[in-house]
Amino acid sequence: MNDTSLKNDGRAGFSRRRFITGTGSLLGAAALAGPTPSAWATPRTAAAPIASGSRVPALVIGTGYGGCVAALRLAQAGTDVHMAEMGMAWDTPGPDGKIFANTTRPDDRSFWLRTRTKQPLSNFLGFPLDRNVNRYTGILDAEEFGGITVYQGRGVGGGSLVNGGMAVTPRRENFGAILPTVDAEEMYSTYYPRANSGLGVTTIDPAWFEEADCYQYARVGRKHAERAGFPFLFVPAVYDWDYMKREAAGTVPRSALDGEILYGNNHGKKSLQKTYIDRIRATGRVTISPLHKVTTVTSAPGGGYTVLIDQLDTTGRTTATKTVTADKVFFAAGSVGTSKLLVGLKATGALPLLNDEVGRGWGDNGNVMCGRANHLWDPTGKLQASIPTGGIDNWDAGGAFAEVAPLPTGIETWASFYLSITKNPHRARFTWNAAAGRAELDWQTAWKQPSIDAAKTIFDRINRKEGTIYRSDLFGVHKIWGDHLTYHPLGGAVLDKATDNYGRLHGHPGLYVIDGALIPGNTSVNPFVTITALAERNIERIIATDL
């Protein structure tokens, strides 16, 4: 969609005249700056990685939500576990004294093995934001397929390192459409509460929300939603709200109030590093190898599975290839990582008994973004907390749930920004390209149209009520919709299809999927609580019956 379609609807395109402050934003400054020096060219942690020739009772591939649940519960049940993580440990400050880079000032740490950033919001005030960086095993992977860019976290903690922290449990009446073969009663009585407790999920103090300068943007979003007849919902998050209050008071280093989110958060966010991984380390039964990428899994002659693992340096170069034997293997490399790996293992004959459902049922959780240009009497605030706190629910009537998201630019923008999750029916498939030696995804850009249509049921109505317009300078020239990406990849090894109803892969006993690849494409809200709860359910059964 472009500005012509807006004019056909009787609206004008976005004008810079709506901004008093001009182009002096940090985002603009970041775009104009030159490439950063290679200050992070060597590993920053001394690790004791897994040795070639090792045998482990359980190998977990990945350290995201599902993988951490599996490792913790296996260790608590008395099983020794090794976790192989493709990304870095992210536990040592760089030369600037910080572990993670700022959202408005990306550097080498920000992106996974790219020489130019690929920021989700690519333009601001007419300026392109992307810049050159040095190739480095950074924290955010912008993985490009034919019709979509998939953003994924890279490092110990997986997606928890880079997401917005919105910890939303789906409405129970929607659950049957998400995971139809899973007992909703046990999920909502046992596993969702267990996941929320394990993740440290809490809700913002409503009284503080009403007075905090950093949430003026969310209050404006609430006002516009409610005036248009939509319910505004406070949503839980995994942030330390007491820390954020101290940030606002100026008594601790700023984190959410310094815009930190997209490339990691240095202080207040409760990523997996601070929750499940802390408890994993305390068991004394789990070891983690960062910068270790699993490439092959095959049946071992003496039982179990032979696993080939490439050890990487921070340029992505393979420095060693290791052979490990595992009695059981848990695929937890994320929806994309798990799906690509399984499709390749089936196609190349490494795991020939995997069924034809492997690679199918992949979806983008209906993600689409947009911005609105508000009137001058509706400022959204120079200071914006990077942790969203609320959403607009039009799922039943229009098939959309929209986060009221921040634009932490450091200047007043009079702009409201949203990430919508929509009821998009399209599902893609991973297949193996033998000539290229890689898995490919058949997503089509046109498949985003249902998501745009669903989001418009909210924002067209708000714009009509407020007399406002869409922003058309955030995703390219005269481009309104951020329809090129997803933050929430799901599916590719769907529960009770590629696996049994608890994640056991068909055809190969002792192999399990325990991450977002199990969920067929959509959760109706942000997915990480559901991924965690499903993993808690599945691993409980696996421990009881398979160990």
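Fair warning: this is a prediction, and the values are worked out from it, not measured in the lab.

A. Quick look at the pairing of strand β5 (residues 140-144). Burial within β5 is extensive, with four of its five residues counted as buried. In this sheet, strand β6 (residues 149-153) lies alongside β5 in antiparallel orientation, the contact comprising five bridges. In the strand pairing of β6, glutamate 143 is matched with valine 150. Hairpin remark: β5 followed by β6, antiparallel, with four residues in the connecting loop.

B. Summary view of the environment of glycine 398. Mapped onto the elements, glycine 398 comes out in helix α11 (residues 395-398). Exposure remark for glycine 398: the relative accessible area of 17% places this residue in the buried category. Separated by 23 residues in sequence, glycine 398 and histidine 375 have C-alpha atoms that sit 26 Å apart. Filtering out sequence-adjacent residues up to four positions away, glycine 398 remains in contact with Ala454 and Thr457.

C. Summary view of the environment of tyrosine 487. Examined against the element boundaries, tyrosine 487 turns out to sit in the loop between β19 (485-486) and β20 (511-513). For tyrosine 487 and aspartate 453, which are 34 residues apart along the polypeptide, the C-alpha to C-alpha distance reads 19 Å. If we skip the residues at most four places from it in the chain, tyrosine 487 touches Pro120, Tyr151, Leu262, Asn367, Met369 and Leu419.

D. Spatial organisation of helix α3 (residues 65-76). Compared with an ideal rise of 1.5 Å per residue, which puts twelve residues at 16 Å, α3 spans 17 Å between its outermost C-alpha atoms and is within 8% of the ideal. Within α3, ten of the twelve residues are buried, leaving the element largely enclosed by the surrounding structure. Turning to α3, its buried residues are Tyr65, Gly66, Gly67, Cys68, Val69, Ala70, Ala71, Leu72, Leu74 and Ala75. Glycine 78, located one to two residues past α3, shows a positive phi value of around 100°.

Rules of the game
Residues numbered from 1 in each chain as written. Predicted model: local features only at pLDDT ≥ 70, side-chain atom pairs only at ≥ 80, totals over all residues. Heavy atoms only, no water. Buried < 20%, exposed > 50% of the residue type's maximum accessible area, 1.4 Å probe, protein only. Helix = DSSP H or I, 4+ residues; strand = E, 2+ residues; numbered from the N terminus. Pairing = 2+ DSSP bridges. Contact = heavy atoms within 4.5 Å. Expected span 1.5 Å × (residues − 1).

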